[in-house]
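Okay, here's what each chain looks like letter by letter:
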Amino acid sequence: MAETKSAMRKPVFTKVDQMRPGTNGHNLVVKVLSSTTVLRKGRPDGPQVHQMRIAECLVGDDTGTILFTARNEQVEMMKPEATVILRNAKIDMFKGSMRLAVDKWGRVEVTEPATFTVKEDNNLSLVEYELVNVVEE
């Protein structure tokens, strides 16, 4: 019975410049450049635990940068100058541009400071994509 159990495989880390629209399952080590809270919603009479928060964070590595959408408890981890590991991240499309996100199936971990310098002139979130339907005859 022990032989049939699959061994955990090592994660394959990708770089920011390899991100494409509609893809998922990315593992990245990125540095947080900035973090801006865009939504803070909750009941005024309710406890702070059920407050919904969303922040847009500019993250990057030595190949480029991309906007990361941090939700709820992820917001505290995304402090500027922090280095984080994003596991099982996916690309969401928002108004025609790419956003990196980690949902309930992924994980965000703060790690030791990175040694790379972020390439800030290659922001993938500034590239606008358009969905084109191709009709085959």
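Look a little higher up for the structure.
Re unusual backbone geometry
Logical step 1: Its identity as a non-glycine residue notwithstanding, Glu 81 has a phi of 75 degrees, on the positive side.
Logical step 2: In this structure, Glu 81 sits in the loop between helix H1 (74-77) and strand S4 (83-94).
Logical step 3: Residue Glu 81 is classed as exposed on the basis of its relative accessible area of 59%.
Logical step 4: Here Lys 95, not a glycine, exhibits a phi torsion of approximately 50 degrees, which is positive.
Logical step 5: Mapped onto the elements of the fold, Lys 95 is located in the loop between S4 and strand S5 (97-101).
Logical step 6: The class for Lys 95 is exposed, based on a relative accessible area of 72%.

Calculation notes
- Residues numbered from 1 in each chain as written.
- Predicted model: local features only at pLDDT ≥ 70, side-chain atom pairs only at ≥ 80, totals over all residues.
- Heavy atoms only, no water.
- Helix = DSSP H or I, 4+ residues; strand = E, 2+ residues; numbered from the N terminus.
- Buried < 20%, exposed > 50% of the residue type's maximum accessible area, 1.4 Å probe, protein only.

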